[in-house]
Amino acid sequence: MPFGINETMGQYSELFMLLAAGTYTVAFIAFAWDLAKSSKALRAVDLKAAQAGAATKVPVAAGVGAGSAGARLDGPADRAERPSSSAARTTGSGAGGVVTADGDMKYATERRVPARVAVALTTLAVLIHGAGVVTRALGAGRVPWGNMYEFLTTGAFLVAAVFLLSLIRRDLRFLGTFVVGLVIIMLVAASVAFWTPVGHLVPALQSYWLVIHVSIAVLSSALFTLTFAMSALQLVQSHRQKTVAAGGADKLGFMRLVPSALSLENLSYRINAIAFIGWTFTLMFGAIWAEKAWGRFWGWDTKEVWTFVIWVVYAGYLHARATRGWTGTRAAWLSIVGYLCVIFNFTIVNQFFNGLHSYSGL
Amino acid sequence: MSERVNVKKKQSAPVKEAKAQAALPALGPKGMLRWAWTQLTSMRTALFLLLLLAVAAVPGSLFPQRPANPAVVTQYIKDHPDYGKLLDSLQLYDVYSSAWFSAIYLLLFISLIGCVVPRAIAHYKAMRSQPPRTPQRLSRLPEYGTLVIPADAAVPASEAVSGAARVLRKRGYRVEVRDADGALPSLGAERGFMKEVGNLVFHTSLIGVLVSVAAGGLFGYSGQRILVEGDTFVNTLVGYDQFNPGTNFQSSQLQPYSLQLDKFNITFDRESRGKFGQPIDFAATVTTKENPDAPPKQEILKVNDPVTLGGTSIYLTGNGYAPVVTIRDGAGNVAMQGPVVAKLQGDNYYSSVVIKVPDAQPDQLGFVGFFLPTAFVSDKNVSFSADPELFNPQLTLNSYYGDLGLNKGAPQNVFELDVKNLTPLNARNLAAGGITLAPGSTYTLPDGKGSISFDGVKRYIGVDIHHNPGQLYALVFALLAVAGLILSLYVNRRRVWVRTGTADDGRTMVEYGLLARGEDHRLAGEAAALRKLFATEWQLPEEGAPGDTSENAAPSQQTPRRTSDNVAGSAGKAEGPAANAEGSITTPAGPTGPEKDQ
Ligand code: HEM
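Residues numbered from 1 in each chain as written. Chains lettered and ligands numbered in written order. Predicted model: local features only at pLDDT ≥ 70, side-chain atom pairs only at ≥ 80, totals over all residues. Heavy atoms only, no water.

All names here are of chain B. Spatially, 4 strands are ordered E5-E7-E8-E9 in an open sheet, and the strand pairing comes out antiparallel. In this open sheet, the two edge strands, each paired with only one partner strand, are strand E5 (232-234) and strand E9 (297-302). Strand-to-strand twist across the sheet, computed as the mean angle between neighbouring axes with direction ignored, equals 30°. As judged from the 10 bridges shared by strand E7 (residues 258-268) and strand E8 (residues 279-289), these two strands associate in the antiparallel manner. Considered in E8, the bridge of isoleucine 266 is made with phenylalanine 282. (Pairing = 2+ DSSP bridges. Helix = DSSP H or I, 4+ residues; strand = E, 2+ residues; numbered from the N terminus. Axes fitted to C-alpha atoms, helices over the stretch in contact; angles between N-to-C directions.)

Rendered as C-alpha cells:
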C-alpha cells in the first residue's frame, strides 16, 4: 500500500523549486557574462598579438586553451586515419591564432571569475533543487517521478547535476548558458504547464519497474541533453573554423571558448555511447514492465514507438561514426535529431499517461 | 554543409566515375548479384536502412493502429472519407505488419547477417593469427615514445625486447617477438579481441530477439475474459470472450486450469486534492486450480502483478460494476437473472448498460441505459456520477420490445443494442417515461410486458490471458545484446610494437608505438601506463614531472603533436633506435606503415 500524502512537504518542495529557478537564473546571467567577457578579453589579446606581429602563437593570457598553446585538434588516435579529420586539423591551426579552446577540455591555469561565480551559483541552485526533489518525494511518499511535473523537475535536477559532475573532470563551462538555460525552461514548464499537486500513483505505475525504468530513462535523457548541446556547438564551430580557415572574419568570437569541432564530436560520442547503453536498458526494462502490467512486452503504442525510434536514431549515430563520409557534421545532425525525438517523446508522455487514466476501462 | 562533407564529395566524384566505368562492362548476372550483395551489406546501407526504419516507425504513432484498437480505425476511416481509405490501402493502420515496414527490417537483418558472418570469420582468423609485422617507422603511430637504458644496466637489446614482452603479456596482450637475435629485435602485441566479439554478439543477438518475437507470434495465444465476482474461468476455447490464436496454435495447447474471482477490492484516493477519488489500488482475490482435480489455491491478482498458471500469465486489465437484475417477462416467468456487465463511459465509473432478454415471452425485451455508482443530478438536469464508490447507485434505462435479431446467428456486440426493429416502451420522451431504479426496487413495464428488479451490485474484472513461448528467449537475447554492446564499446582493441637497438656507446635504445583499432580515447593513457611499466622493468630512474619534456623538448614544429595525455618523453624521437641507427643499420621493415583500419 502506498504511503500517506504530506501536503505541507509538497508546498515546501514547490518553494524550493522556485528558489532553485531563481538561483539558476542568476547563474545563467553569470555564465553569459563569462562568455561575453572572455571573448572580449580574447579579442583584445589577439589584437595586441597582431600588432606585435606575433605570427604563430598567442601569448598565454586569456583563452581557456591558451595554457597549452595553439589549437588542439587531435581526437582519439584512429581519427587521424580518416580523411575527414585531416581537413579539420589544418583548419584549426591554419588561421595563425587561437581559434578554438583546448581540445582536451582540461582546466587552464588562468581564472575566469564570472565562470567560477556561475559554477558556484549553479551548485547552490542544484542543492536547493535537490531539496525540492527530496521534499517532493517525501510529500508523495514515493519516488518523485510519477507524472509530467515530476519528470520535468527531477529531470532538470539530473541535467544540472550531471553537468556539475562532468565539470569535475572536464572544463565544460562553455556549456553553462545552454545547460542552465534549459534547466530553467524545464522548471518553468513544469510549474506553469504541468503543475500537479503531490498525489498517489495510479495502480499501473505502482511497480518497482517505475523506479528502475524511469530513473534510467531520465538519466540517459540528461546525458543526451549534454551531447545535444555539444553537437549543436559542433555545427557552429565547424562552420566557424571553416570560415576562419578560408580567411573570413570571425564573427562568433565567443566560440573560441569552445573546443574544436572534432573535440566536441569525440566527447559527445563518448557520452552518447553511455547514454545509448542507458537507453537500451530503458527500452528493455520498459518492455519487461509492459509485460508485467499489460501482458505483452511490445505493443507499438505511441510511447514504445518513440522509444524505439530514438534507439534506432542513436544506433544510426553510432554507425555513422564508423561510416566514411558520415562522421563529423552528419553525425552531429543525427545526434541532434535523436535529441529532438527525445523531447518529442517526452511531451507525448503526457498524452500517454492520460491514456492510462482510462485504465479502469475495458 | 561542412568541410568534411565537401572534401569527401570532391574526392569521391572522380573515384565513383572511374569505378562505374571500370565495373560496368564486366558485370554479368553473377557480378550483378555480387555487386548487389556488396551494396546491401555495406556499412552505408546499414546506416541508411536504420534511419529508414526509424522514419518508417513514426506513422504508427500518428495514425490509429488496427492491432491495438480496430474500432478506432473504423471510426477514423468514417471520419475522414477523403483520405481514410487511401491510408488504409497504404497499410498505415497496420504499420508494423505492413509490407513496407517488414521489407525494411528484413533487408536490415539480411544486411546484418551479410555483415556479421564475414566479420565473424575474419575475426576468428585474426584471433588465431600473430600480431601484424612491426612497422618501419614507429614514430608515425598515434602514440609513440622512446626510452634509454643506460649502458651500465647491462640490458642488451634482445633482453630488453623479452622484458617488454613480459610486461605486455602480463597486461593481457598477445605478443610475438621478432628477430630476437638480430640487430633490431622487435615485438608486435595485440589485445582487445573481445571488442569485436562483443560487437558480433550484439548484432547476432538482435537477430535472436527478432526470431524469438516472431516465434512467440507463431506459437503463442492470447485472450480476454470478463469475470464478475463469483464467476469461474476455465482455460478452454469456450471460456474466452475473445481469443487470438497464433498461426501455429492448437487447442490441445490449452491446459484446463480454472480461476474463480472471489472478491475484487478497490482502494480510492481519499487524501490528495488533485486526484481525490482516483483508484490507487486494485486487488482481485482469486481461487485457482492447476487442473480440474488439483487442490484449490487462493491468490491475489493485481495490476503489475499477474498470476501465472498453466503456462500462461493472467493480467488484471480492467474492472467495473455489474448491477444484478431480475427480469420477468409478460408471462410472469423469470426470463433473466444475474449481473450485467456495465461498460465504463465516463468519470467515476459512469457506465453504460445494455440488457438483452431473448428468453422473454411473448416479446423479447431489451434495455439500454446507464449505471451510476453515486448518482447526482446537476443544475442543468444532467445526471452524473459524483463518486466511484457505491454511495447512491442508480440504474436509468430505456426499454424496448420486439425481435432482438439474435436468432439470425450473426454475432452481435453484447454492449450494443440495435433498436432499429424494436418498439420503445420506456424513454424520457414517451408517456411512460424512463426507468430509474435504486437497489432493491422493481419497476413494472407498461403494457404488461413484464418487470425489472435491481437486486444489487457486484464488481467485475477484465483479465487478459497470454501464452508467449518466445518471451524468455527474447529476454535472453536482449541481455546478451547488452552485454555484447558494453564489451564492444568499452573494450579497446590495441596494438603495440616495441623495437630495441644498441647505440654505439652501449646504451640500449627502446622505441615503442601504439595503435588503436576503432574509437579509443584512452590510448594515450595506455601509452603512459606502459611507459611506467617498462621503466620499472628495466629499473630506469623516475621521470620528471609529467608534461615538462613533451612541451619543452619538442625539437621542431614539423613533428606532429601527439595527443597531450601522453606525458613525459614522447618527443624524444631522435633517440629511437631506428633513427639513431639511420644510415648505419637498415631496418628490415617493408614499405608501408601500420595497417590501416576501416
Ligand atoms: C538491426 C540493425 C542494427 C542495429 C540496431 C545496430 C546497432 C549497432 C550499434 C548500437 C553499434 C555500436 C556498438 C558497437 O560498436 O557494437 C553498432 C556497431 C556496428 N555495426 Fe551495427 N547495427 C545494426 C545493423 C548493422 C548492419 C546491417 C551492419 C553491417 C552492414 C552493422 C555493422 C556494424 C559495425 C561494423 C559496427 C562497429 C562500428 C565501429 O567500429 O564503431 N550493423 N551497431
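Picking up after the structure, the text goes on.
The next point concerns the side chain of serine 207 of chain A. Examined against the element boundaries, serine 207 of chain A turns out to sit in the loop between helix H5 (176-193) and helix H6 (208-245). Only 3.0 Å separates the side chain of serine 207 of chain A from the backbone nitrogen of tryptophan 209 of chain A, close enough to count as a polar contact. What serine 207 of chain A contacts, discounting residues up to four positions off in sequence, is Trp289 of chain A together with Asn304 of chain B. (Polar contact = N/O pair within 3.5 Å; in protein donor to acceptor, adjacent residues only side chain to side chain. Contact = heavy atoms within 4.5 Å.)

Residue and element names in this part refer to chain B. Summed over all chains, the structure comprises 23 salt bridges over all chains. Salt-bridge contacts for arginine 119 lead to glutamate 196; the nearest nitrogen and oxygen are separated by 2.7 Å. With arginine 119 in helix H7 (residues 99-128) and glutamate 196 in helix H9 (residues 193-219), the pair connects residues that are 77 residues apart, well separated along the chain. Judged by its relative accessible area of 16%, glutamate 196 is buried. In this structure, glutamate 176 and arginine 178 form a salt bridge, with 2.7 Å as the shortest nitrogen-oxygen distance. The class for glutamate 176 is partly exposed, based on a relative accessible area of 26%. Within the structure, one salt-bridge network assembled from shared partners comprises Arg171, Arg494, Asp520 and Glu526. (Salt bridge = Lys/Arg side-chain N within 4 Å of Asp/Glu carboxyl O. Buried < 20%, exposed > 50% of the residue type's maximum accessible area, 1.4 Å probe, protein only.)

Residues Leu472, Tyr473, Leu475, Val476, Leu479 and Leu480 of chain B make up a contiguous nonpolar surface patch of roughly 560 Å² in combined accessible area. Classification of leucine 472 of chain B as exposed rests on a relative accessible area of 57%. (Patch = residues over 30% accessible without salt bridge, like charges linked within 9 Å, V, L, I, M, F, W, Y side chains within 5 Å. Areas by Shrake-Rupley, 256 points an atom, 1.4 Å probe, with all protein chains shown as cover.)

Once that is clear, we can look at helix H4 (residues 148-169) of chain A. When the terminal C-alpha atoms of H4 of chain A are compared, their 32 Å separation across 22 residues agrees well with the 32 Å that a helix rising 1.5 Å per residue should span. In terms of burial, H4 of chain A is largely enclosed, as 17 of its 22 residues are buried. (Expected span 1.5 Å × (residues − 1).)

A few words now on unusual backbone geometry. Residue and element names in this part refer to chain B. Look at the link from glutamine 361 to proline 362: it is a cis peptide, with omega at 0°. Backbone geometry places aspartate 179, a non-glycine residue, at a positive phi of 55°. By the element assignment, aspartate 179 lies in the loop between strand E2 (174-178) and strand E3 (186-191). Here the phi dihedral of asparagine 304 falls at roughly 70°; this positive angle occurs in a residue that is not glycine.

A separate point is the coordination of the iron atom of the ligand. Note on metal sites: the ideal angle is 109.5 degrees for four tetrahedral donors, and 90 or 180 degrees for six octahedral donors. Binding of the iron atom of the ligand to the protein goes through His319 of chain A (NE2) and His203 of chain B (NE2), at separations of 1.9 Å. Around the iron atom of the ligand, the 6 donor atoms sit at angles spanning 75 to 178°, and that spread fits a shape best called octahedral. In this pair, histidine 319 of chain A sits in helix H8 (residues 302-320) while histidine 203 of chain B sits in helix H9, so the two residues belong to two different chains. A residue is classified by how much of its surface remains accessible, and histidine 319 of chain A, at 18% relative accessible area, is buried. (Donors = N, O, S within 2.8 Å, 3.2 Å for Na, K, Ca; no water. Tetrahedral: all angles 85-135°; square planar, octahedral: opposite > 155°, others 65-115°.)

Residues and elements named next belong to chain B. Across the sheet, 5 strands lie side by side as E1-E24-E23-E3-E2; this open sheet has antiparallel pairing. Only two strands of the sheet have a single partner each, and these edge strands are strand E1 (143-149) and E2. Between one strand axis and the next, the sheet turns through 15° on average, direction left out of account. With 7 bridges connecting them, E1 and strand E24 (residues 508-517) associate as antiparallel partners. By the bridge assignment, glycine 145 is partnered in E24 with tyrosine 512. Across the sheet, helix H11 (residues 523-537) lies against E1, strand E23 (493-502) and E24, angled at about 150° from E24, the strand it touches most.

All names here are of chain B. When you tally the buried positions in E8, you get 10 out of 11 residues, the bulk of the element. Judged from the 6 bridges that link them, E8 and E9 form a sheet pairing that is antiparallel. Looking across to E9, one finds that threonine 285 is bridged to isoleucine 300.

In this section: the site of the ligand. Lining the immediate environment of the ligand, one finds 23 residues, of which His319 of chain A together with Cys115, Arg119, His203 and Ser488 of chain B sit closest. Looking at the residues close to the ligand, they fall on chains A and B. The contact in question runs from an oxygen atom of the ligand to an N or O atom on the side chain of asparagine 199 of chain B, over 3.1 Å. Every element with two or more residues in the shell around the ligand is listed here: H8 of chain A together with helix H3 (43-57), H7, H9 and helix H10 (471-490) of chain B. If you tally residues by element for the shell around the ligand, the top one is H7 of chain B, at 6 residues. By residue class, the composition of the shell around the ligand is 15 nonpolar, 7 polar and 1 charged. (Near = heavy atom within 4 Å. Nonpolar A, V, L, I, M, F, W, Y, C, P; charged D, E, K, R; others polar.)

Residues and elements named next belong to chain B. Here chain B averages 82 in pLDDT, and 85% of its residues register 70 or above. pLDDT under 50 marks residues 1-23. Its contacts with residues more than four places away, or in other chains, come to 25 contacts. Here residues 579-598 is modelled with pLDDT under 50, and outside its nearest four sequence neighbours on either side it reaches 34 contacts, counting other chains as well. (pLDDT = per-residue confidence, 0-100.)

Moving on to the nonpolar core. All names here are of chain A. Judged by nonpolar contacts, the single largest core of 119 residues is most densely connected at Tyr24, Leu175 and Val309. Among the elements that line this core, the one with the most residues is H6, at 14 residues. When neighbours within four sequence positions are excluded, tyrosine 24 is seen to be in contact with Thr122, Ala125, Val126, His129, Ala160, Val180, Val183, Ile184 and Leu187. (Core = buried A, V, L, I, M, F, W, Y, C linked by side-chain atoms within 4.5 Å.)

Residues and elements named next belong to chain B. Direction of pairing for strand E11 (residues 312-328) relative to strand E12 (residues 334-339): antiparallel, over a ladder of 5 bridges. Bridging across to E12, isoleucine 327 finds its partner in methionine 336. Hairpin geometry of E11 and E12 is characterised by an intervening segment of 5 residues between the two adjacent antiparallel strands and by a positive phi of about 90° at glycine 332.

Residues and elements named next belong to chain A. Across the interface, H4 lies against H6 with an axial gap of 9 Å and an inter-helix angle of 55°. Comparing the axis directions of H4 and H6 gives the class oblique. Regarding H4 and H6, the two cross each other, and that crossing is right-handed. Seen from H4, the contacting residues are Phe151, Gly155, Leu158, Val159, Val162, Phe163 and Ser166; seen from H6, they are Val214, Val218, Leu219, Ala222, Leu223, Thr225 and Leu226. In terms of residue class, the contact of H4 with H6 is built from 11 nonpolar, 3 polar and no charged. (Parallel < 35°, antiparallel > 145°, perpendicular 65-115°, else oblique. Left-handed = near helix turned anticlockwise from the far one by under 90°.)

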